[in-house]
Amino acid sequence: MISIDETLFAKTKAIINKYNFSFKKNFGQNFLIDSHVLSKIMTASEICENDVVIEIGPGIGTLTAAAAERAFKVIAVEIDRTLIPILEDTLSRFNNVEIVNEDILKFDVMAIADKYGDKKLKVVANLPYYITTPIIMDILEKRLPVESITVMVQKEVAYRMGAKPSTKDYGALSLLIQYFCEPYIAANVPRNCFIPRPNVDSAVIKLDVLKNPPVEVMDRKLMFDIIKSAFSQRRKTLLNCIFNTGGFGFSKDEILEILNQANFDERVRGETLTLSDFALLADVIFEKKGNGIMEEL
Ligand code: SAM
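Nothing here was measured: the structure is a model prediction, and the numbers come from that model.

Peer 1: Help me understand the packing of aromatic side chains in this model?
Peer 2: Two aromatic rings, taken as a pair, are described by how far apart their centres are and by the angle between their planes. All told, the structure shown has 9 aromatic pairs when counted by the stated rule. Measuring from centroid to centroid gives 5.9 Å for Phe180 and Phe224, while their planes differ by 75°, and the two rings are edge-to-face. Placement of Phe180 in helix α8 (residues 172-180) and of Phe224 in helix α9 (residues 220-230) is noted, with a sequence separation of 44 residues between them. Take Phe180 and Phe224: they sit in the same class, and that class is buried. Geometrically, the ring pair formed by Phe231 and Phe278 is tilted, given 6.2 Å between the ring centres and 40° between the ring planes.

Structure representation (structure tokens):
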């Protein structure tokens, strides 16, 4: 008996051969051929008939078709124009799919949110690894009205996104993601679930976008800059990391004073601090900067 996976693999092969399609490495083209993984993505994303789904990089339409069976509408944004006629063929049975030939980094997600204001907006993708962080951070930082982002990413990146303080995977990405979202890893995906087979394993991560951030901070950008600075040199103390990346205009003694004011030990490292700790530190720095400006005036 043929297993479902062999069917998806055979189907994918048949489409590739029919169109004489050649994979483009620069677009991160690794197509999913495992239907168990496909159902895990669908279960995690919880797509239903009131949802408008933006799919990033539909490839030959494997994930698109599964989403279209559940969603009100699927907007599939594909950069590779040679895939467009293939998608028009593989998705021809659906009248709720819109195929857009565009770079997702230039795509206007807000226009979709405005057009379908009464629906829930969800992002689903087997992401090309080279744009994983930029695209996710772009959606989050612009505060686009997206309910959730369910994506296949490189396994290490998924674990970094979900990591807690004082663990080896914890870093700036963990904090930036967890400021906006509640992450959970829905599946580990070995490299043999794709053709062509990538050099790394993957994982599916669901990011539920929070209505309100878990901490309040006076200047979010300043907090993010401090976080990036704190993890700029993993083995160094927070004090040295901040000083070595410019100190936000403060001398080493002043940074020490700031750390004391926030009740942090001078030997503390960024990897032990929580999001609340960074918010507190950012507020102390923000106020000190404000005072500095007042003094200069
Ligand atoms: N979703 C398909 C699947 O799961 O089999 C294909 C996934 S493949 C890893 C990534 C897809 O994203 C490719 O189809 C690639 O052409 C497309 N892509 C790469 N960069 C893109 C970009 N900047 N904007 C839109 N699509 C992109």
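Moving on from the model shown.
Peer 1: Just to check I follow, could you spell out α9 for this structure?
Peer 2: It helps to recall that an α-helix has 3.6 residues per turn; residues three or four apart then point in one direction. Taken residue by residue, α9 has Leu222, Met223, Phe224, Ile226, Ile227, Ser229 and Ala230 as its buried positions. A distance of 3.2 Å separates the backbone nitrogen of Lys221 from a side-chain oxygen at the start of α9, and that oxygen is part of Asp219.

Peer 1: Could you clarify how one ought to interpret the domain arrangement of the protein chain in this entry?
Peer 2: The figure often quoted for interface size is the accessible area lost as the parts come together. Each assigned domain of the protein chain is listed here: domain 1 (4-209) and domain 2 (220-289). Computed over C-alpha atoms, the centres of domain 1 and domain 2 are 35 Å apart. Facing 14 residues of domain 1, the contacting portion of domain 2 comprises 14 residues. Taking both sides of the interface into account, the surface hidden between domain 1 and domain 2 amounts to around 1,100 Å²; carbon and sulfur atoms contribute 69%. The interface formed by domain 1 and domain 2 contains 4 residue pairs in polar contact (both at pLDDT 80 or more). Per-element tally for the side of domain 1 that touches domain 2: the top contributor is α8, with 6 residues.

Peer 1: Just to check I follow, could you spell out the site of the ligand for this structure?
Peer 2: The full set close to the ligand counts 23 residues, and Leu32, Gly57, Glu78, Asp103 and Tyr130 are the nearest of them. At a separation of 2.8 Å, a nitrogen atom of the ligand approaches a polar backbone atom of Gly57. Listed by contribution, the elements that provide at least two residues to the shell around the ligand are β1 (31-32) and β3 (73-78). Here the residues of the shell around the ligand sort into 12 nonpolar, 6 polar and 5 charged.

Peer 1: Please explain the pattern of salt bridges as it appears in this structure.
Peer 2: For the coordinates displayed, the defined rule picks out 15 salt bridges. Of the charged contacts, one joins Asp169 and Lys168 as a salt bridge, the two residues approaching to 3.3 Å between their closest N and O atoms. Overall, the relative accessible area of 23% leaves Asp169 in the partly exposed class. Taking the relative accessible area as the measure of exposure, Lys168 reaches 73% and is therefore exposed. For Glu271, the salt bridge is made with Arg234, and the minimal N-O distance between the two is 3.8 Å. Of the two residues, Glu271 is situated in the loop between α11 (252-261) and α12 (275-296) and Arg234 in the loop between α9 and α10 (238-244); the sequence distance between them amounts to 37 residues. Given a relative accessible area of 18%, Glu271 falls into the buried group.

Peer 1: Even after reading the chapter, I still don't get unusual backbone geometry, so can you show me in this structure?
Peer 2: Trans peptide bonds make up the majority, and among non-glycine residues the majority have a negative phi. Residue Pro196 follows Ile195 across a cis peptide bond; omega there is -20°. In this structure, Pro196 sits in the loop between β8 (194-195) and β9 (202-209). For Asn20, which is not glycine, the phi torsion reads 50° and is therefore positive. Tracing the sequence through the fold places Asn20 in the loop between α1 (4-18) and β1. Classification of Asn20 as exposed rests on a relative accessible area of 68%. Even without a glycine there, the phi angle at Asn263 is positive, about 65°.

Peer 1: Which parts of the structure should I look at to understand the packing of α8 against α9?
Peer 2: For any two helices packed against each other, the geometry comes down to the angle between their axes and how far apart the axes lie. Where α8 contacts α9, the axes come no closer than 9 Å and their chain directions differ by 155°. With respect to α9, the axis of α8 lies roughly antiparallel. Handedness of the α8/α9 crossing: right-handed. Mapping the contact onto sequence places Ala172, Leu175, Leu176, Tyr179 and Phe180 in α8 and Arg220, Met223, Phe224, Ile227 and Lys228 in α9. Each residue belonging to the contact of α8 with α9 can be placed in one class, and the counts come to 8 nonpolar, no polar and 2 charged.

What counts, and at which threshold
- Residues numbered from 1 in each chain as written.
- Predicted model: local features only at pLDDT ≥ 70, side-chain atom pairs only at ≥ 80, totals over all residues.
- Heavy atoms only, no water.
- Phe/Tyr/Trp six-rings, centres within 6.5 Å; stacked < 30°, edge-to-face > 60°.
- Helix = DSSP H or I, 4+ residues; strand = E, 2+ residues; numbered from the N terminus.
- Buried < 20%, exposed > 50% of the residue type's maximum accessible area, 1.4 Å probe, protein only.
- Polar contact = N/O pair within 3.5 Å; in protein donor to acceptor, adjacent residues only side chain to side chain.
- Domains from an automatic or database assignment.
- Contact = heavy atoms within 4.5 Å.
- Buried area = accessible area lost by both parts, 1.4 Å probe.
- Near = heavy atom within 4 Å.
- Nonpolar A, V, L, I, M, F, W, Y, C, P; charged D, E, K, R; others polar.
- Salt bridge = Lys/Arg side-chain N within 4 Å of Asp/Glu carboxyl O.
- Axes fitted to C-alpha atoms, helices over the stretch in contact; angles between N-to-C directions.
- Parallel < 35°, antiparallel > 145°, perpendicular 65-115°, else oblique.
- Left-handed = near helix turned anticlockwise from the far one by under 90°.

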